[in-house]
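# Reading the structure
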Amino acid sequence: MTRRVIFPLILFAVMVLSGVALELLPHQLLMGTYMIVPHWLFVMLIYIAIFYDRNDTYYAVLYALIFGLLFDIVYTGILGVYMFSYALVIYIVRGLKKMLQGNFYVLLMLSAFGIAIADVSIYAIFTVIGFTDMPIEVYLLNRLIPTILMNLLFLVLIYPFIIKPMRKWGTELT
């Protein structure tokens, strides 16, 4: 199979898994006041942006637009929120990647930054349109920090399985 088929299939599978992730995670973890949002699709897009995209390709941004819209249709019912947030933040991460070397520590740093910016932008849009009324202090402590930490854990757990194919496919682009 070519990468043109593999990436959409992987992204679709991750999108479906992230939708049911809260059911898969231990309930003891979720019983408290913390709210964890699995941005696993976004984490995969960061992998594509850092290790697959070249300076003249925008596959990660294109996939962010397509799968962000699909995520909006399936899970939120409000079109454009995830599509806009994911695509914009992936574009920013791609720009920052050009200044930094693509390694594990840069991946962690850009992922933490990207997840934070994407989640804050989603929260801001939902607050402006009246979809949520969570105070900012509660959001920062009970949702943003646990979300970043849990998504970074996901990133670290999948790193050994995805880094070699991603780098190999990225070098085949040139």
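Residues numbered from 1 in each chain as written. Predicted model: local features only at pLDDT ≥ 70, side-chain atom pairs only at ≥ 80, totals over all residues. Heavy atoms only, no water.

For the record, the criterion: UniProt positions are given in the numbering used here, feature names are shortened, and annotations may be inferred rather than shown by experiment.
The chain appears in an unreviewed UniProt entry as Rod shape-determining protein MreD from Oceanobacillus sojae. What the UniProt record of the chain gives under Sequence similarities (unreviewed entry) is the line "Belongs to the MreD family." UniProt lists a comment for the chain under the heading Subcellular location (unreviewed entry), and it reads "Cell membrane".

### Describing the environment of Leu 22
Convention followed: In this text, helices come from DSSP runs of H or I with a minimum length of four residues, and strands from runs of E with a minimum of two, each type numbered from the N-terminal end.
If you trace the backbone, Leu 22 turns up in helix 2 (residues 21-24). A C-alpha to C-alpha distance of 8.2 Å links Leu 22 and Val 37, two positions 15 residues apart in sequence.

### Some details on the pattern of salt bridges
Side chains that differ in sign of charge can pair as their charged atoms come close. Formally: We define a salt bridge as a side-chain nitrogen of Lys or Arg found within 4 Å of a carboxyl oxygen belonging to Asp or Glu. Using a 1.4 Å probe on the protein chains alone, a residue whose accessible area is under 20% of its type maximum counts as buried, one over 50% counts as exposed, and one in between counts as partly exposed.
Tallying each qualifying case throughout the model produces 2 salt bridges. A salt bridge links Asp 119 to Arg 143, with the shortest nitrogen-to-oxygen separation between them at 3.1 Å. With Asp 119 in helix 7 (residues 104-128) and Arg 143 in helix 8 (residues 136-172), this pair connects stretches of sequence that are 24 residues apart. Each of the two residues, Asp 119 as well as Arg 143, counts as buried.

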